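# Tertiary structure, described
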Amino acid sequence: MDPCHYVRLLVGNLAVKSPASSKPSFSGKVHPSTSSCFCEIKLRGAGSQRSHAATVPITSDTHPTPHSMAACFDFTKPQIEKLLSSKKPTTITISLYKGRAATSFSFFSSPKLLGKISVPIDFTMLDSKPVTFHTGWVNLAKADDKSSSAQSLHLTVRAEPDPRFVFRFDGEPECSPQVFQVKGDVKQPVFSCKFSFRDKNQGQFQSSSANANHMAERKGWSITVHDLSGSPVAAASMVTPFVPSPGSHRVSRSNPGAWLIIRPDGDGTWKPWGRLEAWREPNSSNAVGYRFEVLPATADPVTLAAATISSQHGGKFTIDVATGVTPVSTPHGSWDLGSGSRPGSGSGVDFGLDPMLMYKGFVMSARVDGEGKCSKPEVEVGVKHVTCTEDAAAFVALAAAMDLSMDACKLFSQKLRKELRQ
C-alpha cells in the first residue's frame, strides 16, 4: 500500500542584527542559547493556532548566518485540503523580543518587542518538491516604530513533502493483536503480534508484605512481531525489570525499566537495534518519562528521543531529529534550511544534519493512551526510514514497548490487568 501524504512546514536559520551590533553572540562556537533575543513563531489560519518559542543568536556582517531549526509544523492530507478550501490565509508570524527565553513562553517576564513579520504560506505551490516561501534578511518594525534603524531578522520558511507509513494495532499489545497498514479508510493486515512472558513462572512476584495488593516487580515481558507468513521480523524484550524504588510505589528515573528492541540477524539469531528506558516521574507527577537510543553495531549508542507522556491522558512517543535537541550524543548535529541543491543531497542532509547520521528529520511517532483506556497504538513512520519489512516491524515493536511501559510504570499500589499478571 502506498504511504500517506504529509507535509512539513519548517522555520529556521534565525539570526538578528542591528546597525549598532558589533559583538555577535554566535560565531560557530557559541551556542545560540547565550543570545539575549528570542522569538515566538505562530502558525495562523490552520484551524487552531500553533506556536513555538526559540532563541535567536545575534550576528553581524562579518560572521556567517547560523544554521538551525526553530519550529516545525506537520500537516496531513485532509488538513492540507481543508486549508486549500479555506478563505482564511495561512501565515507564519514571527515576533522578536529582547530577553532570554524560558522553558515555556507563558513564563517570559516583560519581554521587549523588537519587531514582527509575517510570511504568507501558499500550499498550492507544493507539489512533489520542497518549496521555499522565504529565505534571507528582512527589516523588523514595531507597530509604533517605522524607523530605518530597526533590527534585521534572517530566516528561512520552507515546506516539503514528508510521506509516512501508518500502522494501527487492532487491540492492546498485551492481547497479541494484528497490525494493519492504513491509508484513509483503507486498511490491510501486515503484521501480527505475540505477547508472552519469557518465563511464565517469573512474570511477576508477589510482595512479601501481607497487606500489599501490588506486585514487587514487573519483568520478563516480551512481544514479537511476525509478518504475514508467520516469520518473526522484530521483537521487544524487557531486559531490566520495572521495580519500585525503596519506600515508594514508583519506578524511579535512577533505576528505570528497560526494553531491548531486536531484529533478525539470520540463521535464527537476533541483533540489538535499540534500547528503550522508562520510569515514573517523581513526587505527585503522573508523567511517564522515557529515553530511546539506537545501538549502531560499530559506534556508541545515540539518543534519539527523551521526553514524558501523561499516564492519565496518554500522548505521543516521537522520534524527530528536526524538532528537538536530539541526537544529544551527536555533537555535529545541526540543521541547515538550505536550498537542498547540493548534488546527492537527500532529506536530512538538506537541513545540515551530519550525513553520517542514520536517522534524519521525522522518524516515527506512536500514539499511546493513558491508564484505564483501551490503548490501540497508531504508528507513523517516515518513508525514508523504511527499506524493508524488518525496518517497519522494528518501529512497530518499539511502539508496543512504549505502550506496555505505560502499564509497567503504573503505580505498584495498583493492580495490572490480567493479561499482564500471568
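Worth saying up front: this structure is predicted, and the values here are computed from it rather than measured.

A few words on the overall build of the protein chain. Along its length, the protein chain carries two helices and 22 strands. Expressed as a percentage of its 422 residues, the buried residues of the protein chain come to 49%. Taking as baseline every contact in the protein chain between residues at least 6 positions apart, the subset at least 24 positions apart corresponds to 62%. Put simply, the protein chain shows about 20100 Å² of open surface, and 50% of that area lies on carbon and sulfur atoms.

Within the secondary structure, Asp227 is located in the loop between β14 (221–226) and β15 (232–240). Salt bridges are absent for the buried Asp227, whose nearest opposite-charge side chain, Arg263, sits at 12 Å. At 2.6 Å, the side chain of Asp227 forms a polar contact with the side chain of Ser229. In contact with Asp227, other than residues within four places in its own chain, are Val190, Phe191, Val233 and Thr389.

In this section: the nonpolar core. For soluble globular proteins, the rule of thumb is that nonpolar side chains tend to be buried together. Phe167, Phe191, Trp221, Trp259, Phe292, Phe317 and Met364 are the most contacted members of the largest nonpolar core, which has 61 residues in total. At 14 residues, helix α2 (residues 389–408) tops the list of elements feeding residues into this core. Those residues in contact with Phe317 that sit more than four places away from it in its chain are Leu276, Tyr290, Phe292, Ile309, Met364, Ser365, Ala366, Leu398 and Met402. In terms of nonpolar packing, the next biggest core, distinct from the first, is built from 34 residues, Val11, Ile92, Ile94 and Phe123 among them.

What follows covers the sheet that holds strand β16 (residues 257–264). Strand pairing within a sheet occurs via backbone hydrogen bonds; the two strands may be parallel or antiparallel. Reading across from one edge, β19-β18-β17-β16-β15-β14-β11-β10-β9-β22-β21-β20 is the order of the twelve strands in this open sheet, with antiparallel pairing throughout. Looking at strand neighbours, the two that pair on one side only are β19 (302–310) and β20 (315–320), the edges of this open sheet. Looking at each pair of strands side by side, their axes are set apart by 20 degrees on average, direction ignored. Bridge count for strand β9 (residues 164–169) against strand β10 (residues 178–183) is three bridges, and the pairing is antiparallel. Of the residues in β10, the one forming a bridge with Phe169 is Val179. Sitting on the sheet, α2 touches β9, β10, β11 (186–197), β14, β15, β16, β17 (270–280), β18 (287–294), β19, β20, β21 (362–368) and β22 (378–382), and the angle it makes with β16 is about 160 degrees.

Let us now look at the pairing of β10. Pairing of β10 with β11 involves six bridges; the strand directions are antiparallel. Paired with Val182 across the two strands is Lys187, which belongs to β11. In this antiparallel pair of consecutive strands, β10 and β11, the connection spans two residues, and Gly184 shows a positive phi of 65 degrees.

A word on the environment of Thr269. Within the fold, Thr269 resides in the loop between β16 and β17. On the basis of relative accessibility, which here comes to 40%, the residue Thr269 falls in the partly exposed class. Excluding residues within four positions of it along the chain, Thr269 makes contact with Arg263 and Pro264.

Once that is clear, we can look at the confidence of the model for the protein chain. For the protein chain, per-residue confidence averages 81 on the pLDDT scale, and residues scoring 70 or more make up 77% of the total. In this model, residues 24–33 is a region of pLDDT below 50 whose contacts with residues beyond four sequence positions or in other chains number 20 contacts.

This part is about the sheet that holds strand β1 (residues 6–17). Judged by pairing direction, the sheet is antiparallel, and its four strands sit side by side in the order β4-β1-β8-β7 without closing on themselves. Pairing within the sheet leaves two strands with one partner each, and these edge strands are β4 (69–76) and β7 (131–139). Pairs of neighbouring strands in the sheet enclose a mean axial angle of 10 degrees, with direction left out of account. Here β7 runs beside strand β8 (residues 152–161); their pairing, made up of eight bridges, is antiparallel. By the bridge assignment, His134 is partnered in β8 with Val157. Contacts from helix α1 (residues 77–85) reach β1 and β4, with the element oriented near 90 degrees to β4.

Moving on: the pattern of salt bridges. Within this structure, the stated rule accounts for 19 salt bridges. One salt bridge connects Arg8 with Asp162, and the closest N-O pair in it is separated by 3.8 Å. Linking Arg8 in strand β1 with Asp162 in the loop between β8 and β9, this pair joins segments that are 154 residues apart in sequence. The partner of Glu277 in a salt bridge is Arg291, with the nearest N and O atoms 2.2 Å apart. Here the residue Glu277 occupies a position in strand β17, and Arg291 occupies one in strand β18, the gap between them amounting to 14 residues. Glu277 sits in the buried class, given a relative accessible area of 14%. Overall, Arg291 belongs to the partly exposed group, its relative accessible area being 26%.

The buried fraction of strand β2 (residues 37–44) is high, at seven of eight residues. In this sheet, strand β5 (residues 90–98) lies alongside β2 in antiparallel orientation, the contact comprising eight bridges. Within the sheet, the bridge partner assigned to Cys39 lies in β5 and is Leu96.

Between its terminal C-alpha atoms α2 stretches 28 Å, which fits the 28 Å expected from 20 residues at 1.5 Å a residue. Taking burial as the measure, the 20 residues of α2 include 17 buried ones, the bulk of the element.

Attention now goes to the state of the cysteines. Inspection of the entire model under this criterion finds zero disulfides. Left unpaired, Cys39 is separated from the closest cysteine sulfur, that of Cys37, by 9.6 Å.

So, how was this worked out
Residues numbered from 1 in each chain as written. Predicted model: local features only at pLDDT ≥ 70, side-chain atom pairs only at ≥ 80, totals over all residues. Heavy atoms only, no water. Helix = DSSP H or I, 4+ residues; strand = E, 2+ residues; numbered from the N terminus. Buried < 20%, exposed > 50% of the residue type's maximum accessible area, 1.4 Å probe, protein only. Contact = heavy atoms within 4.5 Å. Areas by Shrake-Rupley, 256 points an atom, 1.4 Å probe, with all protein chains shown as cover. Lys, Arg positive; Asp, Glu negative; His and termini not counted. Salt bridge = Lys/Arg side-chain N within 4 Å of Asp/Glu carboxyl O. Polar contact = N/O pair within 3.5 Å; in protein donor to acceptor, adjacent residues only side chain to side chain. Core = buried A, V, L, I, M, F, W, Y, C linked by side-chain atoms within 4.5 Å. Pairing = 2+ DSSP bridges. Axes fitted to C-alpha atoms, helices over the stretch in contact; angles between N-to-C directions. pLDDT = per-residue confidence, 0-100. Expected span 1.5 Å × (residues − 1). Disulfide = S-S within 2.5 Å.

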